[in-house]
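Chain by chain, the residues run as shown.
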Amino acid sequence: MYREIFVPVDNSQHSDWAVDRAIEMCRKTDGRITGNHVYAARLHDVRFRQLETGLPAQFQTPDEIKKQRKIHDKLIEKGLQLIADSFLDQLGKRCESAGVPLTRQLLEGINYEEIVNEVNRGAGRLPGLIGFDPNRAAGYDGGAKVRSDVKLGENGRLVAEDEDSAARLVGSSGRQYDLMAIGAHGLGRQTYSQLGGVVARVLRDIEKDVLVVRDQQAFQGGRFMVCVDGSSYSYKAMKSALELAQEFGGSLFVCSAFDVEYHHVVFHNIKDVLSYQASKVFKFEEQEELHNNIIDKGLLKLCQANLKRAEVMAQQFPDVPLKTQILIGKPFQVIMQWVEEIKPSLLVIGRHGAHRVENTELGSQAENLLRLAPCSVLLTGVVGVRPEDIPWIEEDGQAGLPWAPEAEVRILRVPPFAQGIARRAVEEYVLEKVSNAGPPPTVTNKWLDEAIQKLLPTHMQLIMGIGNAEEIALAEVKATEQMKATKVQGHDTDPEPAAAEVETKCPVTGAVSKRPRVATDPIVWTEESWQRLQLVPLIARPLARNTVERFARNHEIWRVTTAVMDNNKQAMIEADEFDIDTMMVMFTELRAKQIRAEAEGKDALSPEMRAFIEEAKAQGITRCPIRDIEDKMQKCPVDMKTVTPEEAKRAVEKLLQ
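Quantities reported herein were computed from a predicted structural model and do not represent experimental measurements.

Draft legend 1. Up close: the sheet that holds strand 4 (residues 179-183). Spatial ordering of the open sheet is given by 3-2-1-4-5-10-9-6-7-8, a layout of 10 strands whose pairing is mixed. The open sheet has two edge strands, strand 3 (102-108) and strand 8 (322-328), and neither has a second partner. Taking the axes of each pair of neighbouring strands and ignoring which way they run, one obtains an average angle of 20° across the sheet. Examined bridge by bridge, strand 5 (residues 209-213) and strand 10 (residues 376-380) share three bridges and lie antiparallel to one another. Residue pairing for strand 10: L211 is matched across the bridge by L378. Contacts from helix 11 (residues 331-342) reach strand 6 (223-227), strand 7 (251-258), strand 8 and strand 9 (346-350), with the element oriented near 155° to strand 7.

Structure, rendered in structure tokens:
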């Protein structure tokens with residue numbers, strides 16, 4: 001608990017509330033309050049000295065300047081000291097009536113700078129008190145008045161000078177504080193202010209615990225609320241909340257929050273911004289599925305573990321009623337909603353969270369809560385925070401399943417921030433498939449492949465290399481058969497016919513004649529465009545052909561040249577209807593390339609594999625089939641051969657939802 005409490009005062013309502021809470025704490029702990037007020041006479045004095053050189057000549061003598069400075073001291077500095085002393089007189093009366101020891105302290109300088117220096121290091125600037133009785137001045141850690149001499153230039157005129165930093169100071173207190181209690185607003189509060197200017201500044205730099213007081217609600221018998229996120233900062237906050245709840249006979253509400261919506265919002269936002277081609281390369285729908293299957297579930301388990309650690313800490317405080325809650329959403333938002341429901345006397349939060357970035361002063365969630373919370377907030381500092389203070393729970397001691405070396409190598413490809421979640425997801429999948437009897441199973445490549453197929457989206461499966469030779473051979477046969485129906489005729493350089501005609505052959509006489517083309521006639525490919533189509537990998541080739549031909553028909557083009565392919569490559573990618581078999585064979589060839597690369601002992605993204613993927617992308621082949629397409633087709637409620645195109649389209653859309 002807190003025994004040395006630093007309280008800045010300015011006679012505002014929030015300042016008085018901060019004094020009440022500090023007195024309430026000190027009465028429980030036999031603590032002491034250091035009442036403080038900062039005034040800025042030095043600022044006026046420096047400005048006065050800078051203006052001295054502009055005074056008329058009759059005032060430019062050393063004696064006259066000393067006289068003017070003495071007048072300034074009496075009017076400005078003495079006046080500010082008397083006002084500050086009056087503030088502390090009010091504090092002294094309240095502490096005396098409550099039986100709480102008080103140390104009066106005046107600091108001279110910029111208010112937030114001196115408060116930060118004093119609270120962190122006991123290094124605030126203690127002024128020499130002008131005209132104060134020495135016995136009274138000693139009560140302010142002050143001393144004798146010291147002034148610097150007047151300086152003259154070579155021309156006999158005064159030299160403007162900044163104040164010597166040691167000229168009017170008598171040192172610093174060197175005091176160590178446990179807590180600073182400060183009102184959320186000061187005398188200058190405005191209607192739309194969230195925090196006072198001084199409070200907002202000192203919060204960013206103070207290393208100790210800070211109590212920001214917003215109302216007159218007492219702590220005795222109240223409700224205390226604390227937020228934990230698994231970091232050592234949050235468990236320091238948990239410890240402080242438990243101690244306060246026990247000391248004041250209150251109850252404690254503990255929450256842990258995680259955001260499942262953020263990733264979905266980001267994905268949709270990026271998908272709307274990027275081109276259609278880019279969105280298909282990144283596979284946003286499958287990324288969302290990855291988060292649903294692994295990331296979101298993993299975050300839920302982390303929150304459950306966070307609260308379990310909090311319950312372990314609470315076992316040392318059996319008299320404190322405890323309630324835990326998992327909150328789903330943007331942390332500060334859902335915490336604010338729970339605050340509105342619980343209406344705590346005090347909200348306790350850590351200065352930083354689990355995602356702290358080095359050299360940052362204040363976590364974003366903490367800053368939002370400090371500004372928006374309707375109740376008083378205790379912000380626990382960074383002093384004394386140690387990672388080893390995170391409570392131990394049983395899950396921490398549970399060893400994971402053993403991994404075969406080849407499977408271990410593959411799981412290490414997962415980015416470090418998600419590796420723990422991914423590893424645990426695979427292990428849970430294995431445990432679901434085997435019985436609990438006997439020794440723990442080993443995660444082999446076979447288990448890893450099955451888990452990947454179940455948990456990961458298609459493009460991630462591609463990277464991990466799932467597939468077999470039988471599927472590859474079948475896909476190549478299908479692709480070859482499909483390409484036989486392509487009609488190749490003429491060259492790019494051939495002149496465009498005046499009328500679109502097609503040759504027909506009499507089945508009886510064999511005579512060849514011409515007739516006007518109709519919509520059902522096959523598209524004609526030139527030799528040059530056909531050769532370019534051969535650059536597309538075999539399994540993906542029917543897809544490329546079908547896409548180009550569909551575009552040609554939609555634009556009433558019956559002859560595909562290389563110019564058509566060049567000018568409409570974007571349309572090849574954006575075409576949104578695919579043949580199911582073509583999609584399947586395309587995917588299996590991609591997997592086959594990956595398997596061959598691994599069989600040769602090469603990296604998962606070997607130069608050959610990377611070249612293959614880049615080659616396919618260059619030809620407009622950026623799509624993979626939706627996952628589990630074969631299973632979905634078997635569940636389709638209609639026969640595609642007997643329904644109309646409109647009915648088929650509605651059935652497929654419903655199936656894939």
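Draft legend 2. Just the packing of helix 4 (residues 111-121) against helix 6 (residues 197-205), in detail. Two elements in contact, helix 4 and helix 6, have axes whose closest approach is 9 Å; the angle formed by their N-to-C orientations is 35°. Here helix 4 and helix 6 pass one another in a crossing that is right-handed. Between helix 4 and helix 6, the residues in contact are N111, Y112, I115, V116 and N120 and V198, R201, V202 and D205, respectively. Residues of the contact of helix 4 with helix 6, tallied by class, amount to five nonpolar, two polar and two charged.

Draft legend 3. View of the pairing of strand 13 (residues 512-516). Where burial is concerned, little of strand 13 is hidden: zero out of the five residues are buried. When strand 12 (residues 501-505) meets strand 13, the two strands line up antiparallel, connected through five bridges. In the strand pairing of strand 13, V502 is matched with R515.

Draft legend 4. Seen up close, unusual backbone geometry. Residue N11 is not a glycine yet carries a positive backbone phi of 70°. Considering the arrangement of structural elements, one finds N11 in the loop between strand 1 (4-8) and helix 1 (13-29). With phi around 55°, K343 is a residue other than glycine that occupies positive phi space.

Draft legend 5. Structural view of the pattern of salt bridges. In the structure shown here, the tally under the stated rule is 15 salt bridges. With a closest N to O distance of 3.5 Å, E496 and R559 form a salt bridge. Taken together, the positions of E496 in the loop between strand 11 (487-488) and strand 12 and R559 in strand 15 (residues 559-560) put the pair 63 residues apart, joining distant regions of the chain. With its nearest N and O atoms 3.0 Å apart, the salt bridge here joins D521 to R515. Residue classification places D521 among the buried residues on the basis of a relative accessible area of 8%.

Draft legend 6. Region of the structure containing the packing of aromatic side chains. Scanning the entire structure with this criterion turns up four aromatic pairs. Ring geometry for F219 against F248: centres 5.7 Å apart, planes inclined by 70°, an arrangement best described as edge-to-face. Of this pair, F219 sits in the loop between strand 5 and strand 6 while F248 sits in the loop between helix 7 (232-247) and strand 7; the two residues are 29 residues apart in sequence, bridging distant segments of the chain. Ring centres of F253 and W338 lie 6.0 Å apart, and the angle between their planes is 80°; this geometry places the pair in the edge-to-face category. Residue F253 is found in strand 7, and its partner W338 is found in helix 11; the two are separated by 85 residues along the sequence. Taken together, F219, F224 and F248 form an aromatic cluster joined through their ring pairs. Here the guanidinium or amino end of R21 rests over the ring plane of F219, the centre of that ring lying 5.7 Å away. One residue, K446, lies across the ring of W447, its end atom 4.7 Å from the ring centre.

Draft legend 7. Expanded view of the side chain of R214. Along the chain, R214 falls in the loop between strand 5 and strand 6. Buried charge R214 goes without a salt bridge, the closest partner of opposite sign being D215 at 8.0 Å.

Draft legend 8. Inspection of the nonpolar core at higher detail. Counting 48 residues, the largest nonpolar core has I5, M25, L211, M238 and L252 as the members making the most contacts within it. Apart from residues no more than four positions distant in its own chain, L252 is found in contact with F224, M225, V226, M238, A241, L242, A245, V320, P321, L322 and K323. Grouped together as the second largest cluster of nonpolar side chains are 40 residues, Y177, L203, I206 and F332 included.

Draft legend 9. How the structure looks around the sheet that holds strand 15. Strand order across the open sheet formed by three strands is 11-14-15, with parallel pairing between neighbours. Of all the strands in the sheet, just strand 11 and strand 15 have a single pairing partner and so form its edges. In the sheet, strand 14 (residues 524-525) pairs with strand 15 via two bridges, with the strands oriented parallel. Counted as the bridge partner of W525 is V560 from strand 15.

Conventions we followed
- Residues numbered from 1 in each chain as written.
- Predicted model: local features only at pLDDT ≥ 70, side-chain atom pairs only at ≥ 80, totals over all residues.
- Heavy atoms only, no water.
- Pairing = 2+ DSSP bridges.
- Helix = DSSP H or I, 4+ residues; strand = E, 2+ residues; numbered from the N terminus.
- Axes fitted to C-alpha atoms, helices over the stretch in contact; angles between N-to-C directions.
- Contact = heavy atoms within 4.5 Å.
- Left-handed = near helix turned anticlockwise from the far one by under 90°.
- Nonpolar A, V, L, I, M, F, W, Y, C, P; charged D, E, K, R; others polar.
- Buried < 20%, exposed > 50% of the residue type's maximum accessible area, 1.4 Å probe, protein only.
- Salt bridge = Lys/Arg side-chain N within 4 Å of Asp/Glu carboxyl O.
- Phe/Tyr/Trp six-rings, centres within 6.5 Å; stacked < 30°, edge-to-face > 60°.
- Lys NZ or Arg CZ within 6 Å of the ring centre and 35° of its normal.
- Lys, Arg positive; Asp, Glu negative; His and termini not counted.
- Core = buried A, V, L, I, M, F, W, Y, C linked by side-chain atoms within 4.5 Å.

All we've got here are geometric facts, nothing functional implied.
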